[in-house]
Amino acid sequence: MARMPGALYRPVVNVHANGVKERRGLCLHVQDDTNSPYGWFNTPSSQASSDFWVRLDGHIEQYCDTGVDYAWAQAAGNPFYASVETEGHPDTPLTLEQVESVAHIYAWGHAEFGWPLKVVDSTTEHGFTYHGVGGSAWGGHTGCPGGIRKAQRQTILDRAAEILGQQAASTTTVSLAHVIDAARRDPTAAQGATTHRTEVLVVERALRAEGLLAAQWVDGSFGTKTKTAYAALQRRRGFTGSDADGIPGRSTLSWLGQRHGFTVAA
Ligand SMILES: [Zn+2]
């Protein structure tokens, strides 16, 4: 069930269930009208719908199970690209709130389906395309969404990249207790043994970025090499003797997290 968090989910009748053939990316549209198209999209005779609609104030509605069912927005392009309708007209730019919301949709699609953060003026390439490029095969709406909104796609993708970066940083948490446990157990366990693999990998990548650990030892196991690298970090931070034994402490781990985008939990 691919429903976007933060979007109001209002399923409509005008969809092709299980029709998606490929999740190539997103197709930008202009509504050339105002107010929610929900009623229109939920009327069989209109033969129209979209995956998303973004109001001028940034409010998002989602009308189908994106990536599974396809909406009726761009004819031959429907099975390959999800669609976003944007409130307003072709001769006016997307509002700042709309740019922000479409960026959130794109960031979600990137995480969910792997949509590349790339503007494409194409009916086949993976990325962020637009309706008019499809010509008559895509319904002949060559003025959709118009030059102004079309040109805002790069700004949207730049913002989507920022959002993804923020999400990655804020969701990466490393437990101090887990890392200590790994540092005590992994060195004496069988080669390559892992105790808390995911969290150890985060720490190892940070040690690697600090130039303290060779790439081949970034393996999720807090083995002897990782312990030696961590001891070097502790000495670099001014610890000596048994305080630089390679078993992580809160001070050094938090310092590492601040520099490499993770937070430390108990
Ligand atoms: Zn359109």
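Caption draft 1: Representation of the overall build of the protein chain within the structure. When helices and strands are tallied, the protein chain shows 8 helices and 10 strands. Oriented by its inertia axes, the alpha-carbon framework of the protein chain measures out at about 75 × 35 × 30 Å. Counting over 266 residues, the protein chain shows a buried share of 47%. Looking at the protein chain, you have 23 positive and 26 negative side-chain charges, and the mean spots of the two groups are 10 Å apart.

Caption draft 2: Expanded view of the domain arrangement of the protein chain. What the domain assignment reports for the protein chain is domain 1 (8-170) and domain 2 (172-265). Relative to domain 2, the C-alpha centre of domain 1 lies at a distance of 43 Å.

Caption draft 3: Examining the nonpolar core more closely. Counting residues in hydrophobic clusters, the biggest one holds 26 residues, and the most contacted among them are Leu-26, Val-84, Ile-105 and Phe-128. Those elements that place two or more of their residues in this core are β3 (25-28), β4 (52-54), β7 (81-86), α2 (96-113) and α4 (153-171). When residues of this core are assigned to their parent elements, the largest contribution, 8 residues, is made by α2. Not counting residues within four places of it along the chain, the set of residues in contact with Leu-26 comprises Tyr-81, Ala-82, Ser-83, Val-84, Val-102, Ile-105, Tyr-106, Trp-115, Gly-127, Phe-128 and Thr-129. Among the nonpolar cores identified, the runner-up in size contains 22 residues, and Ala-182, Val-202, Ala-206 and Leu-207 belong to it.

Cut-offs used in this document
Residues numbered from 1 in each chain as written. Predicted model: local features only at pLDDT ≥ 70, side-chain atom pairs only at ≥ 80, totals over all residues. Heavy atoms only, no water. Helix = DSSP H or I, 4+ residues; strand = E, 2+ residues; numbered from the N terminus. Buried < 20%, exposed > 50% of the residue type's maximum accessible area, 1.4 Å probe, protein only. Lys, Arg positive; Asp, Glu negative; His and termini not counted. Charge placed at Lys NZ, Arg CZ, Asp CG, Glu CD. Domains from an automatic or database assignment. Core = buried A, V, L, I, M, F, W, Y, C linked by side-chain atoms within 4.5 Å. Contact = heavy atoms within 4.5 Å.

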